[in-house]
Each structure stands twice: as structure tokens, then as C-alpha cells.
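# A structural walkthrough
Each chain is listed here by its residues.
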Amino acid sequence: MQFRWNSNILGAKKWYKHKPYWTQLINQIDSQKYEIVEVFNYNEDRQAVLDYLTKNMRSKNASLRFLFAKNDELQKYKLSMTPTTIVLDENSKVEKVWSGLWDKSKIVEVNSYFNMAIH
């Protein structure tokens, strides 16, 4: 199974509100079951992305795999809403999608899905 994390607008206010949840998720995720791929907007400042990844992804489970996608690609695959969290199976079939900021009910759902304790 593959886990894809999309944060396509690094400077967006919503993204900053969501960052603590993703950081917890990345640090707690079972790296034997899930691979994390971060998707950033092609127009994003490359140095800002690298600084973010270096600063926030220090756990043994943390993935530093990422890619840049152009706006038309983000729209084609319906990844233009920030933030979007997608779980794909080993055949790249979408299993679960969480769009927008996580509220308490979404956090409960994420915790249950991944068997973890994000707060």
C-alpha cells in the first residue's frame, strides 16, 4: 500500500495549520506498509521545499521522496485542493481520500485508519 501526501502550496495558511498533523502522521506511519510521496506545485520555491523537508522530516519513518507537478497535472488528478491526503493501494487504486483541513472527526478517522494517535 502506498500513502501519498499532497501539500501543493507550501506558503498557504491552510497548509501551515495542517502541518503539525502531517508531521505526526509521517513520524508515526508504518514505513513497512506505507510509502510517503509529497507532491508540491511546480512553481514552488525549490529551496523553501528543501528547507521544509530537511527541518520537518527527521524521523526514521520520514520519507524525503517528493515530486513537483504543474498546475494542469494537479487539476487533472484533482490534487489542486490544499491539503489533500490520499491513500493508494499497491496497484495505485485510490483507497481513501481526505480533502481539506482535518477537524476532530477526520483526525479520529485517520487515527483509526492508520492505527495511530495523532492529536
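See above for the structure.
Scope of this entry: the structure provided in the associated data block.

Procedures and definitions
Residues numbered from 1 in each chain as written. Predicted model: local features only at pLDDT ≥ 70, side-chain atom pairs only at ≥ 80, totals over all residues. Heavy atoms only, no water. Helix = DSSP H or I, 4+ residues; strand = E, 2+ residues; numbered from the N terminus. Buried < 20%, exposed > 50% of the residue type's maximum accessible area, 1.4 Å probe, protein only. Contact = heavy atoms within 4.5 Å. Areas by Shrake-Rupley, 256 points an atom, 1.4 Å probe, with all protein chains shown as cover. Core = buried A, V, L, I, M, F, W, Y, C linked by side-chain atoms within 4.5 Å. Pairing = 2+ DSSP bridges. Phe/Tyr/Trp six-rings, centres within 6.5 Å; stacked < 30°, edge-to-face > 60°.

## A word on the overall build of the protein
- The number of helices and strands found in the protein is four helices and five strands.
- Secondary structure of the protein in N-to-C order comes out as β-α-β-α-β-α-β-β-α.
- Considering the protein as a whole, with its 119 residues, one finds that 45% of them fall into the buried category.
- Counting only contacts in the protein whose residues sit at least 6 apart along the sequence, the fraction spanning at least 24 positions is 67%.
- Just so you have it, the protein exposes about 7,000 Å², and 50% of that area is on carbon and sulfur atoms.

## Overview of the environment of valine 37
- Positionally, valine 37 belongs in strand E2 (residues 36–41).
- Expressed as a C-alpha distance, the spacing of valine 37 and leucine 67, which sit 30 residues apart in the sequence, is 7.4 Å.

## Section: the nonpolar core
- With 14 residues, the main nonpolar core has Leu25, Ile29, Trp102, Val110, Phe114 and Ile118 as its most contacted residues.
- Residue assignment for this core shows that the elements contributing at least two residues are helix H1 (13–28) and helix H4 (104–114).
- When residues no more than four places from it in sequence are discounted, the contact partners of isoleucine 118 are Tyr21, Gln24, Leu25, Gln28, Trp102, Ile107, Val110 and Asn111.

## Points about unusual backbone geometry
- Phi at asparagine 115 is positive, roughly 55 degrees, even though this residue is not glycine.
- Note on placement: asparagine 115 falls in the segment after H4.
- Assessed through its relative accessible area of 72%, asparagine 115 is described here as exposed.

## Describing the pairing of strand E5 (residues 94–99)
- With five bridges connecting them, strand E4 (residues 84–88) and E5 associate as antiparallel partners. Among the inter-strand pairings, valine 87 is bridged to a residue of E5, identified as lysine 96.
- As consecutive antiparallel partners, E4 and E5 are separated by five residues, and within that stretch serine 92 has a phi angle of approximately 65 degrees, a positive value.

## Regarding the pairing of E2
- Along E2, six of the six residues are buried, which leaves the element largely enclosed by surrounding structure.
- Where burial is concerned, the two faces of E2 agree: the one with Ile36, Glu38 and Phe40 and the one with Val37, Val39 and Asn41 are both buried.
- As judged from the four bridges shared by E2 and strand E3 (residues 66–69), these two strands associate in the parallel manner. Its bridge partner being in E3, phenylalanine 40 is matched across the sheet by phenylalanine 68.

## A word on the packing of aromatic side chains
- For the structure on display, the rule yields six aromatic pairs.
- On the numbers, 6.0 Å between centres and 45 degrees between planes, the contact of tryptophan 98 with phenylalanine 114 is tilted. Placement of the pair is tryptophan 98 in strand E5 and phenylalanine 114 in helix H4, with a sequence separation of 16 residues.
- For phenylalanine 114, a relative accessible area of 8% puts it in the buried group.
- Connected via pairs of aromatic rings, a cluster forms that spans Tyr21, Tyr34, Trp98, Trp102, Tyr113 and Phe114.

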